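Chain residues, written in single-letter form:
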Amino acid sequence: MPAAGERSAARREATGRRLARFAALSGGAARGGRGAAALGYRQQLAEKLSRKELPLGVRYHVFVDPPGPKIGNGGSTLHFLRCLEDLYGDKWTSFIVLLIHSGGYSQRLPNASALGKIFTALPFGDPIYQMLELKLAMYIDFPSHMKPGILITCSDDIELYSTGVTETVAFDKPGFTALAHPSDLTVGTTHGVFVLDPSSFSGEGGLAYTSCHRFLHKPDIETMRQCGAVCVRGNCSQLRSSGDHSDSEMDSECVYTDSIFYMDHSTAKQLLTFYKQMGTLCCEIDAYGDFLQALGPGATQDYTKNTSNVTEEESRLVEVRQKLRSLLKGTMFNVIVLNNSKFYHIGTTQEYLFHFTSDSKLKRELDLLSVAFSVFSDEAETLDQSASIIQSILEPGCSVGAGSVIEYSRIGPGVSVGKNSIISGSHINLKVDIPSNCFLSSLSIKINDQVKYVSMVFSVEEDFKKSVKLLSDIHSLKFFGVGLLECLDLWGVEVSDQLFSSENTRLGLWTARIFPVCSTLSESVRMSLKMLNSVQHMSAFKLNAFKLLSVEEMLTYKDVEDMLKFRKQIYDKIRLQRRKEKSDL
């Protein structure tokens, strides 16, 4: 098997080829170095198409989940099939479709919450690429080797891979076909894991087609061993069982984890019929856990009653899972093993900072830049090489610390950004020291037809999903390491039933009404930083005079048009600066 450096170089070369092919289709150049949400997505798609940043001749659609309870990405997949049929009748069964699940609150990466994870900016390209363009580029070889069907992926992961010159990834078999990537066992505990038939492939070469015996959804390591999912890298016919490993062997062990999967149109039609028969879904279905765990000759029905990975257990979930299992049992389950591949997840602030700023494999293989499509003055005091600047304007006299990301922002003179911070969509025009590990993101909102601004500020390590059910328990919540009760006292905010916006007793930082509404973008940044400063120095800063919103409410009132307008102003200024620099030469 080639050395790790050679495999990484091969992935980098293959990735560069796909990006170049995508750029040729879209007319651009890649240079290295619910209802309101749907409207925002459509606006961003229209903008990209007008700039010729996406391939033309493709039909782009945005579908939103039906009103009512959350239905998960599995329920969204079923609803999407219904939308396709409503739009195209029976013609949809002849289409090759890419379905990108892009919903969710993005609580673990809140700078993607307002405009969508699929529009997360990446530090490369001119103009910059977002996740959408990268997804399309990485899958650019697939359509010519696909039969009609649906290819399903998520919006916060990246798959880079290389195959042999004569090897082709083809989605042309009936039933389900999934890509599989060699991963460490710890990675397998947070992903889907394939139990493959060891006699059907060797684990050598760049690519192998095989069948799946069983699919495990977020299993613990002991379960992986007991079910025969653990392999030795480069020799997957050699399986590991519980108690059969030494420390040296542990280094070479792997499991094959999931990323994207395909279903042919016949299987999709079966699922659509099931959805019509079910009527209204009233529980969350997981496209990976609830579709794929039903497949393979080794599948059991144990998973149907396991709700440990479910955010909200609904009374009918077990019943729906059992019906899906009966429907899908016996359906072919093919796996394409990509031995030289890497799966990267960018769904949390920590992953985002690590992959964009550290010397990560992703940074090397995608040729991510320190300064991507930005105006950065040589007179700026300091810009650490590990920082990442994306479509932003940095004025002379500012500084950015190591490991920080600045995106879609204007940073004025006298601004010092600490280490490992994220600044998104903000205009900072005052002399200020932004502490390390700070998350600052500004949103435009519209209330009573008036455009206002709110900036959220937190620690990058904050757990937005943590919540309590009773007001008497909020003492366990923290803001930048300080108890929330202490913070509220400093800000003059009363503890009452009106403190939180959530109606379902989820009391946490996500639903706390603590951020002041302001009339300008820069003023909202100033006020939120004063809030943070008061907590860090234990000095009072009263918020009584302001209308206060929670992050949850900010997203409800968001004004996508105004946020995109601010991004376009930055875009136009950078373009103008580029033309000026060219004319000076």
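Just so it is clear, the model here is predicted, and its values are computed rather than measured.

Participant: For this particular structure, what's the right way to read the layout of surface pockets?
Facilitator: Take a probe with the size of a water molecule and roll it over the atoms, and the empty space left behind shows itself. Considered as a void within the structure, the second largest pocket measures approximately 340 Å³ in volume. Along its surface, the second largest pocket is lined by 16 residues, and Arg17, Arg18, Thr163, Gly164 and Glu167 are the ones closest to its centre. A per-element tally of the lining of the second largest pocket places helix H1 (residues 4-26) first, with five residues. Among the residues making up the lining of the second largest pocket, the classes are represented as six nonpolar, five polar and five charged.

Participant: I keep staring at the packing of helix H13 (residues 484-491) against helix H14 (residues 521-536) and nothing clicks. Help me out?
Facilitator: Two elements in contact, H13 and H14, have axes separated by 10 Å at closest approach and are oriented at 115 degrees. Of the two elements, H13 crosses H14, and the hand of that crossing is right-handed. Between H13 and H14, the contacting residues are Cys487, Leu490 and Trp491 on the first element and Met531, Ser534 and Val535 on the second. For the contact of H13 with H14, the class distribution of residues is five nonpolar, one polar and no charged.

Participant: I would appreciate a short explanation of the packing of helix H3 (residues 72-88) against helix H8 (residues 265-278) in the present structure.
Facilitator: Two measures define how a pair of helices packs: the angle their axes make with one another and the distance between the axes. Their axes nearest at 9 Å, the elements H3 and H8 cross at an angle of 100 degrees. It follows that H3 is roughly perpendicular to H8 by the angle criterion. Two secondary-structure elements touch here, H3 through Leu78, His79, Leu81, Arg82 and Glu85 and H8 through Ala268, Leu271, Leu272, Phe274, Tyr275 and Lys276. Taken together, the residues of the contact of H3 with H8 break down into seven nonpolar, one polar and three charged.

Participant: Would you mind going over the domain arrangement of the protein chain with me for this structure?
Facilitator: Accessible area lost during the coming together of the parts is what is often quoted as the interface size. Parsing the protein chain into structural domains produces domain 1 (4-232 + 253-345) and domain 2 (370-574). Summarising the inter-unit geometry, the C-alpha centres of domain 1 and domain 2 are found 32 Å apart. The interface is formed by 27 residues belonging to domain 1 together with 26 residues belonging to domain 2. With both sides pooled, the region where domain 1 packs onto domain 2 buries about 2,300 Å², and carbon together with sulfur makes up 63% of that total.

Participant: How should I be thinking about the sheet that holds strand S24 (residues 438-447) in this particular structure?
Facilitator: Sheets are built from strands paired through backbone hydrogen bonds, the pairs being either parallel or antiparallel. Taken together, the six strands give an open sheet; going across it, the order is S12-S15-S18-S21-S24-S25, and neighbouring strands pair in mixed fashion. Every other strand in the sheet has two partners, leaving strand S12 (371-372) and strand S25 (450-459) as the edge strands with one partner each. Of the strand pairs in this sheet, S24 and S25 are connected by 10 bridges, and their pairing is antiparallel. When the sheet's bridge partners are listed, Cys438 is paired in S25 with Ser459. Relative to the sheet, helix H11 (residues 349-357) contacts strand S15 (388-390), strand S18 (405-407), strand S21 (422-424) and S24, its axis offset from that of S18 by approximately 95 degrees.

Participant: What exactly am I supposed to notice about the sheet that holds strand S19 (residues 410-411) here?
Facilitator: Overall, parallel pairing links the four strands, which are arranged S13-S16-S19-S22 in an open sheet. Bordering the open sheet on either side are strand S13 (375-376) and strand S22 (427-428), each of which pairs with just one other strand. Pairing geometry for strand S16 (residues 393-394) and S19, over two bridges, is parallel. When the bridges of S19 are listed, Ile393 appears paired with Arg410.

Participant: Quick question: what am I supposed to make of the pattern of salt bridges here?
Facilitator: One side chain can pair with another of opposite charge once the charged atoms of both are near each other. Per the stated rule, a full pass over the model turns up 26 salt bridges. For Glu133, the salt bridge is made with Lys48, and the minimal N-O distance between the two is 2.6 Å. One end of the pair, Glu133, is in helix H4 (residues 131-138); the other, Lys48, is in helix H2 (residues 35-50), and 85 residues separate them in sequence. The class of Glu133 is buried, set by a relative accessible area of 1%. The exposure class of Lys48 is buried, given its relative accessible area of 6%. A salt bridge links Glu85 to Lys276; the nearest nitrogen and oxygen atoms lie 2.7 Å apart. With Glu85 in helix H3 and Lys276 in helix H8, the pair connects residues that are 191 residues apart, well separated along the chain.

Participant: Would you take a moment to explain H8 for this structure?
Facilitator: If you check H8, its first and last C-alpha atoms are 20 Å apart, about what 14 residues at 1.5 Å a residue would give, namely 20 Å. For H8, every residue scored as buried is listed here: Thr267, Ala268, Leu271, Leu272, Phe274, Tyr275 and Met278. Axial view of H8: buried residues confined to an arc of 160 degrees, hence all on one face. Gly279, located one to two residues past H8, shows a positive phi value of around 75 degrees.

Participant: Is there a simple way to explain the nonpolar core in this structure?
Facilitator: The tendency in soluble globular proteins is for nonpolar side chains to be buried side by side. Membership of the largest hydrophobic core comes to 128 residues, with the highest contact counts inside it found for Phe142, Ile434, Phe479, Trp491 and Phe515. Looking at this core, the element that brings in the most residues is H14, giving seven residues. If near-sequence neighbours (up to four positions away) are discounted, Phe142 is found in contact with Leu151, Tyr161, Val169, Phe171, Leu179 and Ile260. Core analysis: the second largest hydrophobic core is formed by 48 residues, Leu78, Cys212, Phe261 and Ala287 among them.

Participant: What should I look at first to understand the confidence of the model for the protein chain in this one?
Facilitator: A low pLDDT score tells you not to read the predicted coordinates there in detail. Averaged over the protein chain, the pLDDT score is 91; the fraction of residues at 70 or greater is 92%. Throughout residues 240-250 the model reports pLDDT below 50, and contacts reaching past four residues in sequence, or to other chains, amount to 14 contacts.

About the cut-offs
- Residues numbered from 1 in each chain as written.
- Predicted model: local features only at pLDDT ≥ 70, side-chain atom pairs only at ≥ 80, totals over all residues.
- Heavy atoms only, no water.
- 1 Å grid on protein atoms, 1.4 Å probe; cavity = no way out; pocket = protein on both sides within 12 Å on 5 of 7 lines; lining within 4 Å.
- Points joined across faces, edges and corners; volume = space filled by probe spheres on them.
- Helix = DSSP H or I, 4+ residues; strand = E, 2+ residues; numbered from the N terminus.
- Nonpolar A, V, L, I, M, F, W, Y, C, P; charged D, E, K, R; others polar.
- Axes fitted to C-alpha atoms, helices over the stretch in contact; angles between N-to-C directions.
- Left-handed = near helix turned anticlockwise from the far one by under 90°.
- Contact = heavy atoms within 4.5 Å.
- Parallel < 35°, antiparallel > 145°, perpendicular 65-115°, else oblique.
- Domains from an automatic or database assignment.
- Buried area = accessible area lost by both parts, 1.4 Å probe.
- Pairing = 2+ DSSP bridges.
- Salt bridge = Lys/Arg side-chain N within 4 Å of Asp/Glu carboxyl O.
- Buried < 20%, exposed > 50% of the residue type's maximum accessible area, 1.4 Å probe, protein only.
- Expected span 1.5 Å × (residues − 1).
- Arc of directions from axis to C-beta.
- Core = buried A, V, L, I, M, F, W, Y, C linked by side-chain atoms within 4.5 Å.
- pLDDT = per-residue confidence, 0-100.

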